Amino acid sequence: MRPNGIFPATRMRRMRRDDFSRRLMRESRLSTDDLIYPVFVLEGSGVTEAVPSMPGVNRVSLDKLLHVAEEAVALGVPALALFPVIDAEGKTSGAEEAWNPDGLVPRVVQALKARFPELGVITDVALDPYTSHGQDGLIDPDDPRGYVLNDETLEALAKQALCHAQAGADVVAPSDMMDGRVARIRAELDGNRRIHTRILAYAAKYASSFYGPFRDAVGSAGNLGAGNKYTYQMDPANSDEAIREVALDIAEGADMFMVKPGMPYLDIVRRVKTELQVPTYVYQVSGEYAMLKAAIANGWLAEEACVMEALLAFKRAGADGILTYFALDAARWLKATA
């Protein structure tokens, strides 16, 4: 039974009066253990390219990424999430480069795990960086609608996931939203004795308008053009459907479950964690990052206070981990106040 005390016997402000009592009753806490840092990697050496729509975020070559990884390890950030920037000549309608064992992602994974074996490496499993049309799956060239093929795409995703696992990826993260992809990937991994490779399923990924800067960063925006992903990503109007999606991915063998985007979907994070009680993650996506950075640059918001409040909101909603471009900044701020 809930207490029903009333004023003046009950004064809620009493516990807010001093720092020590505010700390004693704090319900949610953020730590570096909660942070995953998304990074954009491209070919070459000594390359750093700013992403104009994401101030402070860069595309980097492997040698530069190793320095970033070193900083992440020093700050105690548990994992990096890799997103490749594929050259135009590597993009095809069949996305064959996605499972090339000598491709960019496998080489980066191998280098990271050799240098920083304790650092978690998460790879994105989706075809959009590799397709000439910018979609996450395969398309029948004779279909004027350009409908993304589900079952044919599953075979490509399975090959991509196995390629990453064989390179040493700790976690493969299918973000494609094809039906049945977790089961197909799990079967491929297990059938090749990769039973320890974890699957982070983007289980509740919405067809959001907040992804624009990310698509600029990986170079898929131009390929996608006027196209959209409404036929496979979720309708932002739906909540019950998200629970069904996560439940299916649980049954298919996923280990961790992503809600994407973040701040506009805190209700989904809460429902997933409360109703399904699984390891729940959230992605503070590029559009969320860009909005905060724009307001900060204009002097409208205080950076550290607002960023940390936003990250704490994910924890309060029930997230076990947060993918955020602020991960290194947040880790520094947390270290400074420890």
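Here the structure is shown first, and the text comes after it.
Residues numbered from 1 in each chain as written. Predicted model: local features only at pLDDT ≥ 70, side-chain atom pairs only at ≥ 80, totals over all residues. Heavy atoms only, no water.

Caption draft 1: Region of interest: the pattern of salt bridges. Tallying each qualifying case throughout the model produces 23 salt bridges. In this structure, Asp19 and Arg23 form a salt bridge, with 3.5 Å as the shortest nitrogen-oxygen distance. Of this pair, Asp19 and Arg23 both sit in helix 1 (residues 19–24), four residues apart, roughly one helical turn. Among the residues examined, Asp19 registers a relative accessible area of 40% and is labelled partly exposed. Residue classification places Arg23 among the partly exposed positions, given a relative accessible area of 46%. For the salt bridge of Arg181 with Asp249, the shortest nitrogen-to-oxygen distance reads 3.3 Å. (Salt bridge = Lys/Arg side-chain N within 4 Å of Asp/Glu carboxyl O. Helix = DSSP H or I, 4+ residues; strand = E, 2+ residues; numbered from the N terminus. Buried < 20%, exposed > 50% of the residue type's maximum accessible area, 1.4 Å probe, protein only.)

Caption draft 2: Representation of the environment of Gly168 in the model. Tracing the backbone through its elements, the reader meets Gly168 in the loop between helix 4 (150–167) and strand 8 (171–174). Judged by its relative accessible area of 26%, Gly168 falls in the partly exposed class. Spatially, the C-alpha atom of Gly168 lies 9.5 Å from that of Ala111, the residues being 57 residues apart in sequence. Beyond its immediate chain neighbours, meaning those up to four positions away, Gly168 contacts Val109 and Lys113. (Contact = heavy atoms within 4.5 Å.)

Caption draft 3: Seen up close, the nonpolar core. Core analysis: the largest hydrophobic core is formed by 108 residues, its most contacted members being Phe40, Leu65, Leu112, Tyr283 and Leu311. Leaving out residues up to four positions away in the same chain, Leu311 has contacts with Leu30, Leu35, Gln284, Ile322, Thr324 and Ala330. (Core = buried A, V, L, I, M, F, W, Y, C linked by side-chain atoms within 4.5 Å.)

Caption draft 4: Looking closely at helix 5 (residues 181–191). Here helix 5 has its buried residues at Arg181, Val182, Ile185, Arg186, Glu188 and Leu189. Angular distribution of buried residues about the axis of helix 5 spans 165°; they occupy a single face of the element. Two residues or fewer past helix 5, Arg193 is found with a positive phi of approximately 60°. (Arc of directions from axis to C-beta.)

Caption draft 5: Structural view of empty space enclosed by the protein. Evaluation of the coordinates by the stated rule reveals one cavity of 30 Å³ or more. There is about 90 Å³ of room inside the largest cavity. Taken together, Phe83, Asp124, Asp128, Ser175, Tyr202, Lys205, Tyr211, Phe214, Arg215, Lys229, Gln233 and Lys260 form the lining of the largest cavity. (1 Å grid on protein atoms, 1.4 Å probe; cavity = no way out; pocket = protein on both sides within 12 Å on 5 of 7 lines; lining within 4 Å. Points joined across faces, edges and corners; volume = space filled by probe spheres on them.)

Caption draft 6: Structural view of the side chain of Thr324. Take Thr324: it is sitting in strand 12 (residues 321–324). Here the side chain of Thr324 touches Gln284 through a polar contact of 2.6 Å, side chain to side chain. The contact partners of Thr324, leaving out residues within four places of it in the chain, are Leu35, Ile36, Tyr37, Pro38, Gln284 and Leu311. (Polar contact = N/O pair within 3.5 Å; in protein donor to acceptor, adjacent residues only side chain to side chain.)

Caption draft 7: Expanded view of the packing of aromatic side chains. Here the structure, examined in full by the defined rule, presents nine aromatic pairs. Considering the side-chain rings of Phe40 and Phe83, the 6.2 Å spacing of their centres and the 45° angle between planes classify their relative orientation as tilted. Placement of the pair is Phe40 in strand 1 (residues 35–42) and Phe83 in strand 4 (residues 79–85), with a sequence separation of 43 residues. Note on Phe40: relative accessible area 1%, which makes it buried. Pairing Phe40 with Phe214 gives two aromatic rings, centres 5.6 Å apart and planes at 55°, and the pair type is tilted. Remark: Phe214 occurs in helix 6 (residues 212–218) and Phe40 occurs in strand 1; sequence separation between them is 174 residues. Taken as a pair, Phe40 and Phe214 share a single burial class, namely buried. Taken together, Phe40, Phe83, Phe214, Tyr283, Tyr289, Tyr325 and Phe326 form an aromatic cluster joined through their ring pairs. (Phe/Tyr/Trp six-rings, centres within 6.5 Å; stacked < 30°, edge-to-face > 60°.)

Caption draft 8: Representation of a negative patch on the surface in the model. A cluster of acidic residues, Asp140, Asp142, Asp151, Glu152 and Asp179, forms a negative patch on the protein surface. The topology assignment puts Glu152 in helix 4. A relative accessible area of 44% means that Glu152 is categorised as partly exposed. (Patch = residues over 30% accessible without salt bridge, like charges linked within 9 Å, V, L, I, M, F, W, Y side chains within 5 Å. Areas by Shrake-Rupley, 256 points an atom, 1.4 Å probe, with all protein chains shown as cover. Lys, Arg positive; Asp, Glu negative; His and termini not counted. Charge placed at Lys NZ, Arg CZ, Asp CG, Glu CD.)

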